[in-house]
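Here's the letter readout for the chains.
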Amino acid sequence: MDGQHEQATARKAQWLHSEAECVEQVRQRLGNILTLALPLGLGKPVALVDAFYQQACKHPELSLTVMTALTLERPQEDDPVRGRLLTPVFERLFRRYREPLYTTAERRGELPPNVQVHEFYFKAGARLGNPIAQQNYVSSNYTHAARDISERGCNVVMQLLARHADGRLSMSCNPDTSNALLERLRAKAEPFVAIGVVHDELPFMVGDAEVSEQHFDYLLNNDSQQHGLFAVPRLQPVPAADYAIGLIASSLVKDGGTLQLGIGSMGDAIVQSLMLRDQRNDSYQQLLKQLGVSASLSDQVGGRLPFEHGLYGATEMFVEGFLSLFDSDILRREVYDFWALQQLINEGRCQPDNLQADCLTAMADVGVRELRGKDFEVLQYHGFFRDDCRYREGRLIAASGESCAANMANPSSQQFIAEHCLGRALRNGKVLHGGFFLGSEDFYARLRALPEERRRQLAMCGVDKINQLDLNPRLFRAQRRDARFINTGLNVSLNGAVASDTLESGQVISGVGGQYNFVAMAHQLQTGRSVLMIRSHRRGASGPESNIVPHYGACTIPRHLRDLIVTEYGVADLRGKSDREVAEALIAIADSRFQPELIRYAQQAGKLPADFVLPESQRSNTPQRIQTIIARAAAQGLCPPYPLGCDFSDVELRAAKRLLKVKNMSALQRCRTLLQSTPIDSASDELLELLALKQVSGLKQRLLRRLLLAVDD
């Protein structure tokens, strides 16, 4: 770390009045070669980023490079029919959010030559066919992002901050890579600048997210009225196939275990299914039976009964569903930051709400003997030691001034500690560790409204602590008991390899993120399992196409890390299986329209015997069967279309349902529907007003109006 920056971090940060002033200060300090590191997702200070970008557009001598991931863009609807509904909805939901100028220019192919943008994770599908974005994409595991950004010459680190009522600061949604990046930059001893921008609407989060002003060189306030937070719109209902996948995956989650989830409709379906499992168990088990879920596999790997012990979340993304599980008291298994204490809790030798003297003997049994000062601090923070005792030079000092050797294996020390130093109950346990979050406006509001005691159970930290075991293997192994790391994939080959981020052509859809790390970690943990959810088929250019494929020219998860694969038709347990067993298991959960072709390929490749016959019980994998099961469950209130809430108003939701029905009609169905009478009542009048179809001109508008009036909600 250079002396100039060392001096800057030793004093209080300089508060600036505007983005323009900040850009000027940075240019004076660092010159005309600037490489900006922006957080993934929500934590980008858009107004400040735009100020740097505008300077680069005005001054060609300024070389500006942006390093980031998941730039959040305002959604757009190009279809003119859907646009009648969605364009006004997007205007309402994103009235205060402005996407960064660099992403608008990149999307249009208009970035100036002195500006480069490198991302290691795209919004899914957003940069397909964009040559500049594809060429500048950097493929990095999330845990390597700080390293890779540092090595590319980063010299400006910036992000949004939350501010507590008492003035404390928090990285809130994005402590994921920032601390690790700053540590690397300080170790390089080259000039750099750290900037924090306070946003009043960001929830104040605890854990490693909490920082002091000395963490930054410059601080400024964001105008939240002009630059609101990006909120993920809740407009897409959970499809039947995703609900089936979520229900099946939920049966692989073990009570008292650990959960990781990603964003999307399948993650939402898992959350709803876990709540069904806990609150309406009879109905839940009946649904599993209808879906053909193997009771023996779910009992072996996960469970079907309500949660007696609850779950702990260790997840790179703190998705909205985790807050629903927290509110439902399913996310309630607390973990503690001392490996031996966590191990004893796991073994039932230490009761968090009733500490007894035998905990001291148990500590010695697992290897904690001579207590160190930093161990004492952690244990005291968690209430294992009373607040009125102290540690000094290898001794524990009671409030009376009496002391003993800090030796947990010494019988006399054990007696003294039990009488004078041992706490009554543990405290400050965490039910979730998350790297970053992103969600709806309602999600942010619920986080802001959390009581302090509840908020402190949700800790934000770096992905180096979430996505791997390296920093503290004994502790993280103990905390992540029965871990289920649940992610999504695009397709799976018959050898068990999974593609999740890249097409066969090499075009990047999204990015590897933390998926590889979580899959690898599942194999490192004695009781861990990786669950990859994949829809059995997709809509291709010429009709349905299977997502269980003979082979594929891209790979995110290699075959030697194959584990549990879930489609809407069941689970394929691939861990430790032979190639023949893997092929059989995957074909069993493929859509039945594609099973004969997959069998022929596997036989030709020598992976299945020539006389292989698929059991009759595995030949009814049809979308119609899944649609029927989920539709019946939805009618009973078990599988609501929007399990985590909806951002449509009532009339918008009615319009959305009707537009979807019209879209899914065949030509013959549309003709028949057009022949029906279409009376207009007050409700229909409101719907036509919303879609700007009260007064129509042209044949297409008249036909659309008539179809929308003829279908029901």
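The structure presented is a predicted model; accordingly, all values stated were derived computationally and were not measured.

Novice: Describe the overall build of the protein, with residues and values.
Specialist: What the protein contains, in helices and strands, is 29 helices and 26 strands. Relative to a compact globule of 713 residues, whose C-alpha radius of gyration would be 27 Å, the protein shows 28 Å and is just as compact. A fraction of 76% describes how many contacts in the protein between residues 6 or more apart in sequence connect residues 24 or more apart. Placing the 81 positive and 83 negative side-chain charges of the protein at their respective mean positions leaves the two points 4 Å apart.

Novice: Could you give an account of the pairing of strand β21 (residues 529-533), with specific residues and numbers?
Specialist: Most of β21 is tucked away: 5 of the 5 residues are buried. The side-chain alternation of β21 yields two buried faces, one formed by Arg-529, Val-531 and Met-533 and the other by Ser-530 and Leu-532.

Novice: A description of the packing of helix α3 (residues 46-58) against helix α5 (residues 101-108) should follow, citing residues and the corresponding values.
Specialist: Contact geometry of α3 with α5 gives a least axis separation of 8 Å together with a crossing angle of 55°. Relative to α5, α3 is oriented oblique. Touching Val-49, Asp-50, Tyr-53 and Gln-54 of α3 are Leu-101, Tyr-102 and Ala-105, all from α5. In terms of residue class, the contact of α3 with α5 is built from 5 nonpolar, 1 polar and 1 charged.

Novice: Before we move on, can you summarise the nonpolar core with the specific residues and values?
Specialist: Of all hydrophobic cores here, the largest spans 181 residues; its most connected members are Val-26, Ile-195, Phe-318, Phe-437, Leu-458, Ile-565 and Leu-586. Excluding residues within four positions of it along the chain, Val-26 makes contact with Gly-31, Leu-34, Phe-52, Val-156, Val-193, Ile-195 and Tyr-218. Counting 42 residues, the second largest nonpolar core, distinct from the first, contains Val-366, Phe-376, Leu-426 and Ala-522.

Novice: I'd like a description of the pattern of salt bridges, backed by residues and values.
Specialist: Overall, the coordinates contain 44 salt bridges when judged by the stated rule. Between Asp-591 and Arg-593 there is a salt bridge, with its nearest N and O atoms 2.9 Å apart. The network of salt bridges with common partners includes Arg-234, Glu-320, Asp-327, Asp-442, Arg-446, Arg-454 and Asp-647.

Novice: Outline the packing of aromatic side chains, supporting the account with residue identities and numerical values.
Specialist: Scanning all chains against the criterion turns up 16 aromatic pairs. Members of the aromatic cluster, connected to one another through ring pairs, are Phe-90, Phe-94, Tyr-97 and Phe-230. If you follow Arg-454 out to its NZ or CZ, it ends over the ring of Phe-326, 3.7 Å from the centre. Taking the ring centre of Trp-339 as reference, the NZ or CZ of Arg-474 above it sits at 3.8 Å.

Novice: Quick rundown of the sheet that holds strand β25 (residues 564-567)? Include the residues and the values.
Specialist: Strand order in this open sheet of 9 strands is β8-β17-β16-β12-β11-β18-β21-β25-β26, and the pairing throughout is mixed. Strand pairing shows two members of the sheet lacking a second neighbour, β8 (206-207) and β26 (570-573), which therefore form its edges. On the sheet, helix α9 (residues 240-250) packs against β21, β25 and β26 and is oriented at approximately 145° with respect to β25. Here helix α13 (residues 320-327) sits on the sheet and contacts β11 (258-260), β12 (312-318), β16 (432-437) and β17 (458-460); the angle it forms with β12, its principal contact strand, is near 155°.

Novice: So what's going on with the sheet that holds strand β13 (residues 390-392)? Which residues, and what values?
Specialist: Strand order across the open sheet formed by 3 strands is β13-β14-β15, with antiparallel pairing between neighbours. With one partner strand each, in any of the chains shown, β13 and β15 (403-405) form the two edges of the open sheet. On average, each strand axis in the sheet is tilted by 25° relative to the strand beside it, whichever way the strands run. Two elements, strand β14 (residues 395-397) and β15, share 3 bridges in a ladder whose sense is antiparallel. The residue of β15 that forms the bridge with Arg-395 is Ala-405. Sheet strands touched by helix α17 (residues 411-420): β14 and β15. Its angle to β15, the strand with the most contacts, is close to 140°.

Novice: Could you give an account of unusual backbone geometry, with specific residues and numbers?
Specialist: The backbone of Leu-70 shows a phi angle near 50°, a positive value even though the residue is not glycine. Here the phi dihedral of Ala-189 falls at roughly 60°; this positive angle occurs in a residue that is not glycine. Of note, Ala-189 is situated in the loop between α8 (178-188) and β7 (193-198).

Novice: Can you lay out the environment of Ser-250 for me, pointing to particular residues and giving the numbers?
Specialist: In this structure, Ser-250 sits in helix α9. Ser-250 has contacts with Ile-270, Ser-273, Leu-274, Arg-277, Tyr-284 and Gly-303, leaving out every residue within four places of it along the chain.

Novice: How would you summarise the side chain of His-227 if you had to cite specific residues and measurements?
Specialist: Summarising the element assignment, His-227 is placed in the loop between β10 (218-221) and α9. Here His-227 falls in the buried class, since its relative accessible area comes to 12%. Other than its neighbours up to four places away in sequence, His-227 contacts Val-46, Ala-47, Arg-96, Arg-98, His-199 and Asn-222.

Novice: Mind laying out helix α24 (residues 595-604), listing which residues take part and the relevant values?
Specialist: For the α-helix, the turn length of 3.6 residues means that residues three or four positions removed from each other point alike. Buried within α24 are the following residues: Gln-595, Leu-598, Ile-599 and Ala-602. The buried residues of α24 all sit within an arc of 100° when viewed along its axis, so they share a single face. Looking at the buried positions of α24, the neighbouring elements they touch are β23 (543-546), β24 (548-549) and α23 (579-588). Just beyond α24, the residue with positive phi is Gly-606, at close to 80°.

Novice: Kindly report on helix α26 (residues 650-664), identifying the contributing residues and their values.
Specialist: With 15 residues, α26 ought to run about 21 Å at 1.5 Å a step, and its terminal C-alpha atoms sit 21 Å apart, in line with that. Every buried residue belonging to α26 is among Val-651, Glu-652, Leu-653, Arg-654, Ala-655, Ala-656, Arg-658, Leu-659 and Val-662, and all of these are buried.

Novice: Describe in detail the packing of helix α27 (residues 667-674) against helix α29 (residues 699-710), supporting the description with residues and values.
Specialist: Taken N-terminus to C-terminus, the directions of α27 and α29 make an angle of 80°; their axes are 9 Å apart at the nearest point. Put simply, α27 runs roughly perpendicular to α29. Facing α27, whose interface residues are Arg-670, Thr-673 and Leu-674, α29 presents Leu-703, Arg-706, Leu-707 and Ala-710. Across the contact of α27 with α29, the residue classes break down as 4 nonpolar, 1 polar and 2 charged.

Thresholds applied
Residues numbered from 1 in each chain as written. Predicted model: local features only at pLDDT ≥ 70, side-chain atom pairs only at ≥ 80, totals over all residues. Heavy atoms only, no water. Helix = DSSP H or I, 4+ residues; strand = E, 2+ residues; numbered from the N terminus. Rg over C-alpha atoms; globule rule 2.2 N^0.38 Å. Contact = heavy atoms within 4.5 Å. Lys, Arg positive; Asp, Glu negative; His and termini not counted. Charge placed at Lys NZ, Arg CZ, Asp CG, Glu CD. Buried < 20%, exposed > 50% of the residue type's maximum accessible area, 1.4 Å probe, protein only. Axes fitted to C-alpha atoms, helices over the stretch in contact; angles between N-to-C directions. Parallel < 35°, antiparallel > 145°, perpendicular 65-115°, else oblique. Nonpolar A, V, L, I, M, F, W, Y, C, P; charged D, E, K, R; others polar. Core = buried A, V, L, I, M, F, W, Y, C linked by side-chain atoms within 4.5 Å. Salt bridge = Lys/Arg side-chain N within 4 Å of Asp/Glu carboxyl O. Phe/Tyr/Trp six-rings, centres within 6.5 Å; stacked < 30°, edge-to-face > 60°. Lys NZ or Arg CZ within 6 Å of the ring centre and 35° of its normal. Pairing = 2+ DSSP bridges. Arc of directions from axis to C-beta. Expected span 1.5 Å × (residues − 1).

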